[in-house]
Amino acid sequence: MEKAYLVLSNGMVFEGQAIGAPGESIGELVFTTGMVGYMETLTDPSYAGQIIMQTFPLIGNYGVIPEDFEGDCFAKGYVVRELCEQPSNFRSQYELDRFLKERGVCGICGVDTRQITRIIREEGVMNAGIFSAPPIDLSEIQAYSCAGAVSQVSHREKRLFPAQGQEKFTVALIDYGAKQNIIRSLCAKGCKVISLPFNVTAEEVLSLGVDGVMLSNGPGDPKENVQAIAQIKKLLGKVPIFGICLGHQLTALALGGDTVKLKYGHRGANQPVKRLSDGRCFISSQNHGYTVVSQSMEGKGLLSYINANDFSCEGLDYPDLNCFTVQFHPEAAGGPRDTGFLFDRFISMMGGKGNA
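Not measured: the values here are computed from a predicted model. (Residues numbered from 1 in each chain as written. Predicted model: local features only at pLDDT ≥ 70, side-chain atom pairs only at ≥ 80, totals over all residues. Heavy atoms only, no water.)

## Here we look at the overall build of the chain
Next up, step 1: When helices and strands are tallied, the chain shows 10 helices and 19 strands.
Next up, step 2: Taken over the C-alpha trace, the chain has a radius of gyration of 20 Å; the compact-globule value for 356 residues is 21 Å, and the two agree within 12%.
Next up, step 3: Its C-alpha atoms give the chain principal-axis dimensions of about 60 × 45 × 40 Å.
Next up, step 4: Buried positions account for 58% of the 356 residues belonging to the chain.
Next up, step 5: Sequence separation of at least 24 residues holds for 73% of the intrachain contacts in the chain that already meet a minimum separation of 6.
Next up, step 6: As presented, the chain carries roughly 14,700 Å² of accessible surface, and 48% of it is formed by carbon and sulfur atoms.
Next up, step 7: Taking the average place of the 32 positive charges on the side chains of the chain and the average place of its 38 negative ones, the gap between the two points comes to 5 Å. (Helix = DSSP H or I, 4+ residues; strand = E, 2+ residues; numbered from the N terminus. Rg over C-alpha atoms; globule rule 2.2 N^0.38 Å. Buried < 20%, exposed > 50% of the residue type's maximum accessible area, 1.4 Å probe, protein only. Contact = heavy atoms within 4.5 Å. Areas by Shrake-Rupley, 256 points an atom, 1.4 Å probe, with all protein chains shown as cover. Lys, Arg positive; Asp, Glu negative; His and termini not counted. Charge placed at Lys NZ, Arg CZ, Asp CG, Glu CD.)

## As for the side chain of asparagine 287
Next up, step 1: Within the element layout of this structure, asparagine 287 appears in strand 16 (residues 281–292).
Next up, step 2: According to the relative accessible area criterion, asparagine 287 is buried, its value standing at 5%.
Next up, step 3: Leave out the neighbours within four places in its chain, and asparagine 287 touches Asp44, Ser46, Tyr47, Cys245, His266, Arg267 and His329.

## Some details on the sheet that holds strand 1 (residues 3–8)
Next up, step 1: Ordered by their spatial adjacency, 7 strands build a closed barrel running 1-2-8-6-4-3-9, and the pairing between neighbours is mixed. The sheet shows a mean angle of 35° between the axes of neighbouring strands, direction not considered.
Next up, step 2: Both strand 2 (residues 13–20) and strand 8 (residues 106–109) contribute to a ladder of 4 bridges, which runs antiparallel. The partner of alanine 18 across the bridge, within strand 8, is isoleucine 108. (Pairing = 2+ DSSP bridges. Axes fitted to C-alpha atoms, helices over the stretch in contact; angles between N-to-C directions.)

## Quick notes on the nonpolar core
Next up, step 1: Leu6, Leu29, Tyr78, Val79, Leu96 and Phe99 are the most contacted members of the largest nonpolar core, which has 42 residues in total.
Next up, step 2: The residues contacting leucine 29, other than those within four sequence positions of it, are Leu6, Leu8, Ile51, Met53, Val79, Ile116, Ile120, Val125, Met126, Asn127 and Ala128.
Next up, step 3: Of all hydrophobic cores here, the second largest spans 31 residues; its members include Ile194, Phe198, Val205 and Val213. (Core = buried A, V, L, I, M, F, W, Y, C linked by side-chain atoms within 4.5 Å.)

## A closer look at the pairing of strand 17 (residues 302–307)
Next up, step 1: Inspection of the sheet shows strand 15 (residues 259–275) paired to strand 17 by 3 bridges, in the antiparallel sense. Bridge pairing in strand 17 places lysine 274 opposite isoleucine 306.
Next up, step 2: Between strand 17 and strand 18 (residues 313–318), which follow one another and run antiparallel, lie 5 residues, and phenylalanine 311 among them has a positive phi close to 65°.

## Overview of the side chain of asparagine 225
Next up, step 1: Take asparagine 225: it is sitting in the loop between strand 13 (212–215) and helix 8 (226–235).
Next up, step 2: For asparagine 225, the residues in contact, after removing those within four places along its chain, are Val150, Leu246 and Leu250.

## Digging into the pattern of salt bridges
Next up, step 1: Within the structure shown, the criterion is met by 13 salt bridges.
Next up, step 2: Residue glutamate 28 pairs with lysine 261 through a salt bridge whose shortest N-O separation is 2.5 Å. Of the two residues, glutamate 28 is situated in strand 3 (residues 25–32) and lysine 261 in strand 15; the sequence distance between them amounts to 233 residues.
Next up, step 3: Linking glutamate 70 and arginine 184 is a salt bridge whose minimum nitrogen-to-oxygen distance equals 3.3 Å. (Salt bridge = Lys/Arg side-chain N within 4 Å of Asp/Glu carboxyl O.)

## Quick word on helix 9 (residues 246–254)
Next up, step 1: With 9 of 9 residues buried, helix 9 is to be regarded as a mostly interior element.
Next up, step 2: Those residues of helix 9 lying buried are Leu246, Gly247, His248, Gln249, Leu250, Thr251, Ala252, Leu253 and Ala254.
Next up, step 3: Downstream of helix 9 by a residue or two, glycine 256 has a phi angle that is positive, lying close to 90°.

## Let's talk about the environment of isoleucine 116
Next up, step 1: Structurally, the position occupied by isoleucine 116 is in helix 3 (residues 113–123).
Next up, step 2: Measuring from C-alpha to C-alpha, the distance between isoleucine 116 and glutamate 157 comes to 40 Å, with 41 residues separating the pair along the chain.
Next up, step 3: Apart from residues lying up to four places away in sequence, isoleucine 116 is in contact with Leu6, Phe14, Leu29, Met53 and Val111.

## Regarding helix 6 (residues 180–188)
Next up, step 1: Listed in full, the buried residues belonging to helix 6 are Asn181, Ile182, Ile183, Ser185, Leu186 and Cys187.
Next up, step 2: If you follow the buried residues of helix 6, they end up packed against strand 10 (159–161), strand 11 (169–175), strand 12 (191–197), strand 13, strand 14 (241–244) and helix 10 (341–349).
Next up, step 3: Glycine 190, located one to two residues past helix 6, shows a positive phi value of around 90°.

## With respect to the sheet that holds strand 11
Next up, step 1: Spatial ordering of the open sheet is given by 10-12-11-13-14-19-18-17-15-16, a layout of 10 strands whose pairing is mixed. Each of the sheet's edge strands pairs with one partner strand only, and the pair in question is strand 10 and strand 16. Between one strand and the next, the sheet's axes are offset by a mean angle of 25°, whatever the strand orientation.
Next up, step 2: The pairing of strand 15 with strand 16 spans 10 bridges and is antiparallel. Residue pairing across strands places glycine 268 opposite glutamine 286, the latter belonging to strand 16.
Next up, step 3: Lying on the sheet, helix 6 is in contact with strand 10, strand 11, strand 12, strand 13 and strand 14; it crosses strand 12 at an angle near 150°.

And the structure:
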């Protein structure tokens, strides 16, 4: 393997070996704590513009399984401690290094990912670059910004996904960078899903006569999405709405709330969330760098879930608007299925009985 260097915007340099596609790349360096699910992570559009670092030390041991992809790969780079070159799994199609090469994603292995994670936890998320030789000038790294990410990852055309079994409802999914398992989960509940691009208008959505609207996850700063926020404001109260991750943040902004960037975000399959109605704690899958400011939603929505680690907002209910949103991923993939019942709640809002 050729040498590669991970260079942080604070000037720290880590030497390792190059993996994936040849070349160099700059992005926002983030870490995820998932022990499994690296393929779902790499194909999650919410990682657009970011260099992904896995804290689990061995990655690639079960190979690449295309059936588990959540979407296209928009990552700017990949950082692992050890890359498995000979995967072993009956579902594996090929090795992870080939996946990275085919998608033009450069990466680095052989670096101390635990040490780098501690740096990010102390100093906060920072920009970084993967290079064949450390640059003298850090200005390009420091100036990087992940702007316009939603427009990069959203599908441009309307797509239809049939219900599994008897069709009970029709759901419009506004695609801000949707994970495929959101669609799978809805279809499994008897919903026909109409996936629409991020810039669809409220009038276009309502003209479809759908039973409900799903606001998907997606990348970047939620406040950038001014047009999407305006359309959600028009939809609220007109049709049952369920928002996940970015959809949760955009809904809060549509109602006059505020969002802020977290120091190092929540990314992984082991994030604890507490339901305030009964104090029950659930383990959830999460991937976000921003959070809704709970205080900004007073008088606008009811706080329903909080993060059990840092007490940040993880869910909001809007009973007068027939809407609820969560910051975490009830569709998991990869991760725990503790909160899958939220899809049943959405089904009930549309007139179904659910299975919770």
